[in-house]
Amino acid sequence: MSGREAVGVEVRGAVTAIERAPGVPVLAGLDLSVRPGSCHGIVGGSGSGKTTLLRVLLGRVTIRAGSVTIGRHAVPPPPPARLEFARTVGLVPQDAVGSLDPVGPIWWSVTEGLRIQAGVSRAEARAAATALLPRVGLDPALADRRGGELSGGQAQRACLARAIATGPGLILADEPTSALDPVLEASVLDLLARVRAETGATLLIVAHSLAVVRTWCDDVTVLHLGRAVERGPATRVLSAPIHEHTRALVEASADLNPGGGPPANP
Amino acid sequence: MSGSSPTPPGRTAPTSLSIEGLRVVWPGRDEGADVAALGGVSLTVPAGGAVAVAGESGSGKSTLVACVLGLLDRRRARVEGRVEVFGTDVLRASDRELAALRGRRVGYVGQLFHAAFDPLFTVGSQLAEAHRAHAPAAATDGAVAEALRLAGLDAGPDLLRLRPHEMSGGMLQRAQVAAAILHRPDLLVLDEPTAALDALRRREFATLVAELRARTGAAVLLATHDLGLAARLADRVVVLHRGRVAAAGTAAEVLGSPPDGQARALVEAWRRTAGGGGEAPGGAA
C-alpha cells in the first residue's frame, strides 16, 4: 500500500456537545498538538476524556466550540471529503476481538476500509489481505479463518493490518494493549513502532500505562476532566511532572511497579 | 454422595487452599487435539497468606480460579488432582457443599465489575440479596453497611439507591469487594481485579485489599498478569506457562531474579510495559 504523507493533529479549545454532568461538557476546552510523523501518547484517569477525544478526531462526536484539524482536513470533514478523510485516518480499537466479524473471514474484516473507502474489488482485497498479514506478524494462512477463532494478540494484529490497509497518514490506537498480558503487550507495541517506521505515519496512542508512553512515545499529553493539563516530551513529563494530576498518576504508577524489587508486605 | 471431609469446627485449618497435581484437559474436536489447560499444578495458600498466580493469556490462570470456585464444567473437561478449600474437596463436592463455601467462606472479585451487577436493580438491593443467601434477613442492613464501609464506600442511603450505571468504575469495583466480604470470608479470590482500572484506581484497590487482609485476616488468591499488583499484595508468586509452573517463590525472588525461560520473559516484558524495576520516576522514592 502506498503510504500517505504523515499528518499532524491540531485541536483548539474543543468543547463537546455531550456532557459528563448537566452543564459540564466531556471535553471542556481541550488543546492538542501532534507533530506529523511523531508518536504521541495520551494519558489520564478513567473519565478524563481520552476515548471521547479519539471519537472527536474521527468526527463521530461533534464539538460545539473550538476547532479540530487533521492534516488539511477540518473535522468533521464535509461530505465530499469524507472518503479521503477516512483513508487518511486508521483506527486500532481497544476491543480488538469485538471489532472483527466473528463469523466472517479475517481477510474480509481486514480489507473493510479498502473495499468501502478505496473501492477495491473482492479479488484485489483478498490479495491485499495476503500481503498485509505478514506485515503485522500474522501467517497469511489465517486469512480464511473466522474472526472469532483468533486469540487476543492475533486479533489486535489483524486490527492493525486493517488500520494500515489504506495507507493512512495518522493511526489512532485506543488503549491497544490494555487487554493483553505483558509479553503480548510488548510485542504489539514493538510492532506498532515498526509499522510506524515503515509507513512514516503519525501514531497517536491512548495508553493506560505511563511506562508504555515513556518507552514508545516521543511526546505526551495528559488529560484531566476534559482538559489537557500537561504536555511535552514523554521522558520529561513522566520523569519531572509539573501538574499535580500528572504527579499523582506518576506516583500511583511507580508505587505499584517498584524499581529494584517489591516493597515489604503490609 | 460426598467425597469431602470438612474441617471439624474448633480446629483451625492450617491451609486455606491446597492444590495438588491439578490437571485439566479440554477434549479437542479431533482425536489428538486435546488441550491441557493445566498440566499438573500444585500450590498452597496458608491461612491468612496471599499467593499470586501470574502468567500470560492462556497460561491457565482462569481455569485454576474456576477449579477453586468449583465452577469448572466437569461434563466437558477431564480433571485430575485435588483442590481443597478449607478441607472441602471442591472438585468432588456437592452443590450444597459448594454453596456453603462460595459467598460465605470464599469471596470472589472479578475483572468485569460492570457485569458483576444486574443493571436493572439497585446496588444496595443486590448486596442485600447476597447477604440473605447465607444469613438471616434481620442482620442484612447492618452487614451491608459494614461491608460497604470496609470496602471504602460511604454507605449513605443515596448510595444504596444507585443502579450500576450510575456508579463510576472505581465505585463499582469497591461495591464488588463489598459483596465479596459480606460474610467475612476466610479466602478472597481475585481474578484480574485491576485490568479495567486506571493507575490511581489500581493503587486504591491494592491499598484496599492490603487493609482488608490486615483487618480480617483473610487469605488471598490473586490471578493476574499485573506483576506490580502481585508484588504489592502477595507473599508468594507462582508463574504459570501453558498450564505448568514456570517459577515459584517469594515476590522478591520471582520478580527480582526470575529463572531463565518463560518466567524471565514475562518479568522482562513487564519491566518494559509497566516500568517495574526501571528507573524510579521523579518524586517517587
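Residues numbered from 1 in each chain as written. Chains lettered and ligands numbered in written order. Predicted model: local features only at pLDDT ≥ 70, side-chain atom pairs only at ≥ 80, totals over all residues.

Draft legend 1. Summary view of the overall build of chain B. The helix and strand tally for chain B stands at 10 helices and 10 strands. Taken against the 2.2 N^0.38 rule, which gives 19 Å for 285 residues, the C-alpha radius of gyration of chain B at 19 Å falls within 12% of a compact globule. Taken along its principal axes, the extent of the C-alpha atoms in chain B is 60 × 55 × 40 Å. Expressed as a percentage of contacts within chain B between residues at least 6 apart in sequence, the contacts between residues at least 24 apart total 68%. (Helix = DSSP H or I, 4+ residues; strand = E, 2+ residues; numbered from the N terminus. Rg over C-alpha atoms; globule rule 2.2 N^0.38 Å. Contact = placed C-beta atoms within 7 Å.)

Draft legend 2. Quick look at the overall build of chain A. Looking only at helices and strands, chain A has 11 helices and 12 strands in total. For 266 residues, the compact-globule estimate of 2.2 N^0.38 gives 18 Å, and the C-alpha radius of gyration of chain A, at 19 Å, lies within 12% of that figure. For chain A, the spread of C-alpha atoms along the principal axes amounts to about 55 × 50 × 35 Å. Put simply, chain A has 266 residues, and 51% of those count as buried. A sequence separation of at least 24 residues applies to 66% of the contacts in chain A between residues at least 6 apart. (Buried ≥ 20, exposed ≤ 12 C-beta atoms within 10 Å, placed from the backbone.)

Draft legend 3. Layout of helix H6 (residues 122–135) of chain A. Residue and element names in this part refer to chain A. Its 14 residues place the ends of H6 20 Å apart at the C-alpha level, agreeing with the 20 Å of an ideal helix rising 1.5 Å per residue. Every buried residue of H6 is accounted for by Ala125, Ala128, Ala129, Leu132 and Leu133. Directly after H6, the chain includes Gly137, whose backbone phi takes a positive value near 75°. (Expected span 1.5 Å × (residues − 1).)

Draft legend 4. Main features of the environment of A:Pro76. Inspection of the secondary structure assignment puts A:Pro76 in the loop between strand E7 (73–74) and helix H2 (82–88). Considering only alpha carbons, one finds A:Pro76 and A:Arg60, 16 residues apart in sequence, at a separation of 7.8 Å.

Draft legend 5. Representation of the environment of B:Val68. All names here are of chain B. Looking at the element boundaries, Val68 is found in helix H1 (residues 61–68). C-alpha separation for the pair Val68 and Leu98, spaced 30 residues apart in sequence, amounts to 10 Å. Other than its neighbours up to four places away in sequence, Val68 contacts Leu17, Val83, Val85, Val90, Val189 and Leu221.

Draft legend 6. Local environment of the sheet that holds strand E10 (residues 202–206) of chain A. Residues and elements named next belong to chain A. Spatially, E8-E9-E10-E5-E11-E12 is the arrangement adopted by the six strands of the open sheet, whose pairing is mixed. Single-partner strands in this sheet number two, and they are strand E8 (89–92) and strand E12 (227–233). Looking at each pair of strands side by side, their axes are set apart by 15° on average, direction ignored. (Pairing = 2+ DSSP bridges. Axes fitted to C-alpha atoms, helices over the stretch in contact; angles between N-to-C directions.)

Draft legend 7. Spotlight on the sheet that holds strand E7 (residues 187–191) of chain B. Residues and elements named next belong to chain B. The strand order across the open sheet formed by six strands is E6-E7-E8-E3-E9-E10, and the pairing between neighbours is mixed. In the strand order of this sheet, the two ends are held by strand E6 (106–109) and strand E10 (244–250), each with one partner. On average, each strand axis in the sheet is inclined to that of its neighbour by 15°, with strand direction left out of account. Bridge count between strand E3 (residues 50–55) and strand E9 (residues 236–241): five bridges; the pairing is parallel. The partner of Val53 across the bridge, within E9, is Val238. Those strands touched by helix H6 (residues 169–180) are E6 and E7, and its axis lies near 165° from that of E6.

Draft legend 8. Representation of H1(B). Residues and elements named next belong to chain B. For H1, the buried fraction is high: six of the eight residues fall into the buried class. Within the span of H1, buried status applies to Lys61, Thr63, Leu64, Val65, Cys67 and Val68. One or two steps after H1, the chain reaches Gly70, where phi turns positive at roughly 70°.

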